[in-house]
Amino acid sequence: HVERLAHHAVRGEAWEKAVVYIHQAGRKAAARSAHQEALAYFRQAVEALGHLPENRQAIEQAINIRVDLGPVLVAIEGYSASEVEENYTQARELCKQLGETPQLFPVLWGLARVYDHRGKLNMGRELGEQLLSLAQRVQDPALLLEAHHELWANLFSLGELTSALTHTERGIELYNPQQHGQHAFLYGGHDHGVCGLRHRAMTLWLLGYPDQAL
């Protein structure tokens, strides 16, 4: 009953517990696509953080809340909304305070998609290449999939079809529905295996291979 625990923690001004419970309530709401409810919880969690000293733990909590807040804002307002860009930009600034942190990856991914949807494709591509570098450094298949996911969409929009096709091939090879089916809640709100096949089909068609595209 995290919602009830969150309520009592706020009323009792037990702010450390309040942040944890409110964040959990937001994630619970987001998992069932109750986006407006999740948005209210995440905003309340950010507000509750203001009552805590600004130390490493608080910064990590702030980043995690904003990482979870991003997809909810996207579902409600779309990637082009200014609040979405502001959320990911603030999360990126918080990551800089911590140095090397795994939380940077989903933050940069979200920001890259913001740039892509706003037509700032070269900025999106730059972040996509940074994502690929981060994923290759740790050799995490899940992160590699998401780096390819960003790049195949970006490069397709840029008209660099051969490169886009390469990223779809690598992403499809990595994709496992059992392992990566839940990625939609954090990265883009859709299934990445389907996204890769869709982009691969469109790219093959435009390159002149309609039979393969079909």
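Residues numbered from 1 in each chain as written. Predicted model: local features only at pLDDT ≥ 70, side-chain atom pairs only at ≥ 80, totals over all residues. Heavy atoms only, no water.

Student: Help me understand the overall build of the protein chain, please; the structure alone is not making it clear to me.
Tutor: The helix and strand inventory of the protein chain stands at twelve helices and zero strands. Written out in order from the N terminus, the α and β elements of the protein chain read α-α-α-α-α-α-α-α-α-α-α-α. Compactness check: the protein chain gives a C-alpha radius of gyration of 19 Å against a globular reference of 17 Å for 214 residues, within 12% of the reference. With respect to the three principal axes, the spread of C-alpha positions in the protein chain is 65 × 35 × 30 Å. A burial count over the protein chain gives 47% of its 214 residues as buried. At a minimum sequence separation of 6, the contacts of the protein chain that also span at least 24 residues come to 59%. Summed over its atoms, the accessible surface of the protein chain is roughly 11,200 Å², and 50% of this surface lies on carbon and sulfur atoms. (Helix = DSSP H or I, 4+ residues; strand = E, 2+ residues; numbered from the N terminus. Rg over C-alpha atoms; globule rule 2.2 N^0.38 Å. Buried < 20%, exposed > 50% of the residue type's maximum accessible area, 1.4 Å probe, protein only. Contact = heavy atoms within 4.5 Å. Areas by Shrake-Rupley, 256 points an atom, 1.4 Å probe, with all protein chains shown as cover.)

Student: What is the right way to read the pattern of salt bridges from this model?
Tutor: Opposite charge on two side chains permits pairing when their charged atoms draw close. Inspection of every chain in the model, using the stated rule, returns twelve salt bridges. The partner of R56 in a salt bridge is E60, with the nearest N and O atoms 3.4 Å apart. Taken together, the residues span about one helical turn, with R56 and E60 both in helix α4 (residues 56–77) at a distance of four residues. The class of R56 is partly exposed, set by a relative accessible area of 47%. Its relative accessible area of 29% is what places E60 among the partly exposed residues. For E150, the salt bridge identified is with R113, shortest N-O distance 3.3 Å. One end of the pair, E150, is in helix α8 (residues 141–158); the other, R113, is in helix α6 (residues 104–117), with 37 residues separating them in the sequence. Among the residues examined, R113 registers a relative accessible area of 14% and is labelled buried. Within this structure, R113, D116 and E150 form a network of salt bridges that share partners. (Salt bridge = Lys/Arg side-chain N within 4 Å of Asp/Glu carboxyl O.)

Function-wise, these values are silent; they only describe arrangement.
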